[in-house]
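Survey of secondary and tertiary structure
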Amino acid sequence: MNKKRLTIPGLLTTLLLSGCLPSADGVSPFRGNVGADNAGKTHYQAQVRRTSFGIPHIEARDFASMGYAYGYVQAEDNLCLLAEDTLTIRGLRSRYLGAEGRYTIPSNGAATSNREADFFWRSVATDEATAPLRLNSDPEVLEASQGYVDGFNRYLEEIREGKHPDRHLACRDQDWLMPIETADMYRRYFRLAVLASSSVFVDGIAKAAPPLPGEGNGEVSAEAILDQLEAATGGDTGSLPFPLGDELPIGSNMYGIADGASRTGESMLFGNPHFPWEKTERLYLAHLKVGEDTEIMGAALYGLPAVLIGFNDKLAWSHTVSTAYRFTLYELTLNPADPTQYLFEGEFIEMQPQEITIEVLLPDGSIETETRTLYRSHYGPMLEFEAAGVPVLNWTSAKAYTLRDANAENDRLLNQFFRWNQADSFEDFVELHASVLGVPWVNTVATGPGKPAYYGDVTVVPNVPDSKAQACATGLSPVFDQLAPGLPLLDGARADCAWDSDPDAPAAGIFGAGNLPTLVRDDWVHNCNDSYWLSNPAQPLTGFAAIIGDEGTARSLRTRKCMQQVIQRLDGSDGLPGATGFDLANLQQVVLDSSLMSEQLARQTVLDNLCLLPGLVATDGSLVATGEACAVLAGWDGSHNLDSVGGHIWREFWRDIDALPVPSPTKWLQPFSASDPVNTPARLNPADPLVTAAFADAIQRVEASPFDFDTAMGEMQVSGIHDRAIPVFGGEGFEGAFTIASSRGSDFVSAGYPVRYGNSYIQTVTWDAQGQPVAEGFVTYSQATDPASPYFSDMTEQYARKEWIRFPFTESDIRSDPQLVEFRLNAIKR
């Protein structure tokens, strides 16, 4: 039911005390304690209006009140998920969930036990580590964070009082559902900061220990390690975990479109992170209005009361995960008599021991403690690292390895986004990008009404120019040069191998904005997770340090698709009706198209060559008939839309093709050319036995699955997180899909394609003649993780139908929403 907005304080109190305004769920629309006995005390005061699909619109007089309302509504939607994350960052998973339970960070691929997670987080997310983040944060950050704590705890208190029955059944009666503290907020912020750095190495840091006496030096050459890795992976070193081969599981696409690429003459922005559909790296959509000067709408990762990707009447922006490394590794030369002492500038110095104790829940319900001593150098935590069972960084009696993490030192993270949320203009936004320099690990694209398109990888990057990386290389550096180009392994014994500093950097040890790539254009910019080099292929960006990204190399199929779509829209060769250039409608059509770059490059080659043969030899030596699969592929529409038939045959084929070596002629007959990076490499080599075997293997997998060759994608690819099978369109990045739906880690033969990653928060934004934002999009997995919530799957169902959702921004849009629910949150500040 619609409720009129009431603004007279006396009337508010009268209505509250008389109980005249029940809400739709029987809870008073005024949730808080106001009255004469609280006269003179400072209160949280916020109005919350939820429009269709559970989008909260929060209007507050100050940032503390905004945080209070944000914490309340986010707990209302996602209480159990946030409560579990509190266990994680406190190092209490073993205490409540058992030490052998599994802990994963889907966004960076880390997977370990609760025991190792507890030791890791207690070692890195200490009060000492998080204090700079808190001490350097702006007042708005401090106020919103404290407000979030109190708002979350307010909702938790209501649960404890028996309110909101049938909600949050997974945790409401659990002993691990507990109030949060302000310190938890800063641990959570720290956790987000190191998502692409320290927390990749949960096991390696938690288990790092000096060798026992008599274990020997155990040194292995770089050549031997590379040989072992190749043998362990069968030559597919791209399957190794980050940072040695595979990229981080998270990705994104984004476009900034200015007048030169716009059919309407108005700028536009498209943003679409590809993030997990599970855990706290989900994105939550909200509209925040604070006082008279701040209004912003968009999404943030759970537990952060701000907008990280968003828009208003002045600007819009989005992010993609950057290729830059946020850390460097250091090799330490040890004292042969003591493996916890290392050489630095000719003297042995002591590592810093950390004695860490965790509590562990035993099967009989009792609790015991476990204690470990972990170590730190003056660079950071000690670590060991193995990949595919091969020790790469091993702590021996002669050498050990440590990590310095620039984002563990980043005390500007929150200021960056809170100041952006308050930016006065597009120009102010761009200036803040450089001056604050607190963005941790993402590229940025931005534009505004009548403004150009801006791209910047202005992020926190260790200041290690190529010359220093070469001068400070160690014996194992060739391993990283080959498998993780740009990631330095530096000599930790030398002071001159410390990170440099730039005069325009806000902190020592990182690159300043002048040494980081940016581009401003009057037509378009993009990023789809490759480096900055081709932010617009007409104006390549070059000359930057290798630790930031690569230049002049082949782009991923997804990046090539990303650029191709714009190029074809501007020259009209994409077949869409009307004039060239983008408007909001054809932009939306393009970004959810679900076509594949690999299909464009290679399907005809397969049909014209491999499908002429009645049978092909599979990897296991068997002869596989091609006729039925080829007939279906010939009629396939080349996309992964819900009604597309045959796409799974292609996906299983390309899964194996993607793992093949890239250089011509092993895979492609036409090699990569830096002068034609959108169209090369090309011409799949059908004569390669590995290619023919890959096609035969794909046919075998489909035959072994419960799906026919002519099964539609929507019958196989469904949400993997909801309580019913909601079909999901889209493809995998390795296929060259732009529209991402990923079932990473699942076995097609037994499970089909349960989607747990991919398109997440999607926004398309432009501005009307009055300068107001026109924004439409989705939260693909919906706003809530509680199955009892009305917002658990409603946006997912809308997304499956490609029915774009208008994001209400203006007062008239909000008031006219047919599902509008309104309440106020008032409370005394603690």
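Per chain, residues are indexed from 1 in the order of the written sequence. Totals for whole chains, interfaces and linings use every residue, but because this is a predicted model, local features are given only for residues with pLDDT of at least 70 and side-chain atom pairs only at 80 or more, for both listing and counting. Neither water nor hydrogens contribute to the side-chain values; these are computed over all heavy atoms in the structure.

Another point: the overall build of the chain. Secondary structure elements are defined from DSSP: runs of H or I of at least 4 residues count as helices, runs of E of at least 2 residues count as strands, and each element is numbered from the N terminus. The helix and strand inventory of the chain stands at 23 helices and 37 strands. For the chain, the C-alpha radius of gyration of 27 Å lies close to 28 Å, the compact-globule estimate for 830 residues. Summarising its shape, the C-alpha atoms of the chain cover approximately 80 × 75 × 60 Å along the three principal directions. Relative accessibility thresholds used throughout: buried, under 20% of the residue-type maximum; exposed, over 50%; partly exposed, between the two (1.4 Å probe, protein chains only). Counting the 830 residues in the chain, one finds 61% classified as buried. Whether two residues touch is decided by their heavy atoms; if any such pair falls within 4.5 Å, the residues are in contact. For the chain, the share of sequence-separated contacts (at least 6 apart) that also reach a separation of at least 24 residues comes to 69%. Per-residue and other accessible areas were derived by the Shrake-Rupley procedure at a 1.4 Å probe size, with only the shown protein chains allowed to occlude residues. With an accessible surface of roughly 29600 Å², the chain has 51% of that area assigned to carbon and sulfur atoms. We compute the radius of gyration over the C-alpha atoms and compare it with the globule rule, which gives 2.2 Å times the number of residues raised to the power 0.38.

Our focus in this paragraph is the pairing of strand S21 (residues 442-447). Within S21, six of the six residues are buried, leaving the element largely enclosed by the surrounding structure. Covered by surrounding structure in S21 are Val 442, Thr 444 and Ala 446 together with Asn 443, Val 445 and Thr 447, the residues of both alternating faces. Note: two strands are recorded as paired if DSSP finds a minimum of 2 bridges between them. Examined bridge by bridge, strand S11 (residues 316-321) and S21 share six bridges and lie antiparallel to one another. Each bridged residue has a counterpart across the sheet, and for Thr 320 the counterpart in S21 is Asn 443. Between S21 and strand S22 (residues 453-456), which follow one another and run antiparallel, lie five residues, and Gly 450 among them has a positive phi close to 75 degrees.

Looking at any residue, its pLDDT shows the predictor's confidence there, from 0 to 100. For the chain, the mean per-residue pLDDT works out to 93, and 94% of the residues sit at or above 70. For the chain, helix H1 (residues 9-18) is the element with the lowest average pLDDT, namely 28, and S22 is the one with the highest, namely 99. In this model, residues 1-30 is a region of pLDDT below 50 whose contacts with residues beyond four sequence positions or in other chains number 49 contacts. Taken as a whole, residues 33-37 scores under 50 in pLDDT and shows nine contacts with residues more than four places along the chain or in a different chain.

Looking now at the side chain of Arg 412. Assignment of secondary structure puts Arg 412 in the loop between strand S20 (399-405) and helix H10 (413-421). The class for Arg 412 is buried, based on a relative accessible area of 7%. A polar contact of 3.0 Å, which involves the side chain of Arg 412, links it to the backbone oxygen of Val 436. In the analysis that follows, any N or O atom pair within 3.5 Å is treated as a polar contact, provided that within protein one partner can donate a hydrogen and the other can accept it, and provided that, for residues neighboring in sequence, both atoms belong to side chains.

Let us now look at the side chain of Ser 598. As for its position among the elements, Ser 598 is in helix H16 (residues 597-608). Judged by its relative accessible area of 0%, Ser 598 is buried. With sequence-adjacent residues up to four places away left out, Ser 598 is seen in contact with Leu 557, Arg 603, Trp 650, Trp 654 and Glu 735.

On to a negative patch on the surface, then. Together, Glu 628, Glu 703, Asp 708, Asp 710 and Glu 715 make up a negatively charged patch on the protein surface. Looking at the secondary structure, you find Glu 715 in helix H20 (residues 713-716). The class of Glu 715 is exposed, set by a relative accessible area of 58%. Each patch is assembled from residues with relative accessible area greater than 30% and no salt bridge, linking like charges that lie within 9 Å and nonpolar side chains (Val, Leu, Ile, Met, Phe, Trp, Tyr) that lie within 5 Å. Only one rule defines a salt bridge in this text: a Lys or Arg side-chain nitrogen within 4 Å of an Asp or Glu carboxyl oxygen. Here the positive residues are Lys and Arg and the negative ones are Asp and Glu; neither His nor the chain ends is included. Every charge is mapped to an atom, namely NZ of Lys, CZ of Arg, CG of Asp or CD of Glu.

This part covers helix H18 (residues 647-658). The terminal C-alpha atoms of H18 lie 16 Å apart, and with 12 residues this matches the ideal 16 Å at 1.5 Å per residue to within 8%. Among the 12 residues that make up H18, nine are buried, leaving the element largely enclosed by the rest of the structure. Expected helix span is computed as 1.5 Å times (number of residues minus one).

On to the state of the cysteines, then. Cysteine sulfur atoms are paired as a disulfide whenever they fall within 2.5 Å. By the definition in use, this model includes four disulfides. Note that Cys 472 is cross-linked by a disulfide to Cys 497, the S-S spacing being 2.1 Å. Disulfide Cys 472-Cys 497: the torsion about the S-S bond is -95 degrees, which places it as left-handed. Of this pair, Cys 472 sits in the loop between helix H12 (466-471) and helix H13 (477-483) while Cys 497 sits in the loop between strand S23 (489-491) and strand S24 (518-521), and the two are 25 residues apart along the sequence. There is no split in this pair, since Cys 472 and Cys 497 are both buried. A disulfide bridge connects Cys 611 with Cys 630, and the sulfur atoms are separated by 2.0 Å. One quick way to see it: the torsion about the S-S bond of Cys 611 and Cys 630 is about -85 degrees, and its sign makes the bridge left-handed. With Cys 611 in the loop between H16 and strand S26 (615-617) and Cys 630 in helix H17 (residues 627-635), the pair connects residues that are 19 residues apart, well separated along the chain. Owing to a relative accessible area of 18%, Cys 611 belongs among the buried residues under this scheme.

Attention shifts here to the packing of aromatic side chains. Working definition: a ring pair exists when centres of Phe, Tyr or Trp rings (six-membered ring for Trp) sit within 6.5 Å. Plane angles under 30 degrees give stacked, over 60 give edge-to-face, the rest tilted. All chains considered together, the criterion is met by 38 aromatic pairs. We count a charge as sitting over a ring when the NZ of a lysine or the CZ of an arginine lies within 6 Å of the ring centre and within 35 degrees of the ring normal. The residue whose ring lies beneath Arg 95 is Tyr 96, and the NZ or CZ to ring-centre distance is 4.4 Å. A cation over a ring is seen here: Arg 744 above Tyr 757, with NZ or CZ 4.3 Å from the ring centre.

What follows concerns the pattern of salt bridges. This structure, assessed with the given rule, holds 42 salt bridges. Where Arg 724 meets Glu 797, a salt bridge forms, and the shortest distance between an N and an O atom there is 2.5 Å. Note that Arg 724 is positioned in the loop between strand S30 (717-719) and strand S31 (741-742) and Glu 797 in helix H22 (residues 794-800), a separation of 73 residues in sequence. Owing to a relative accessible area of 43%, Arg 724 belongs among the partly exposed residues under this scheme. Taking the shortest distance from any N to any O, the salt bridge between Arg 801 and Glu 803 comes out at 3.2 Å. Residue classification places Arg 801 among the partly exposed residues on the basis of a relative accessible area of 47%. The class of Glu 803 is partly exposed, set by a relative accessible area of 35%.

A separate point is the environment of Cys 497. On the basis of relative accessible area, Cys 497 is assigned to the buried category, the value being 0%. In this structure the C-alpha to C-alpha distance between Cys 497 and Gly 101, which are 396 residues apart in sequence, comes to 40 Å. Other than its neighbours up to four places away in sequence, Cys 497 contacts Tyr 330, Lys 468, Cys 472, Leu 490 and Asp 491.

Among the secondary structure elements, Pro 689 is positioned in helix H19 (residues 689-704). Pro 689 sits in the exposed class, given a relative accessible area of 57%. Taking the C-alpha atoms as reference points, Pro 689 and Thr 666, separated by 23 residues in sequence, lie 9.6 Å from one another.

Another aspect to go through is the environment of Pro 391. Relative to the helices and strands, Pro 391 is located in strand S19 (residues 390-393). Residues Pro 391 and Gln 700, spaced 309 residues apart in sequence, show a C-alpha to C-alpha distance of 35 Å. Apart from residues no more than four positions distant in its own chain, Pro 391 is found in contact with Ile 225, Phe 385 and Glu 386.

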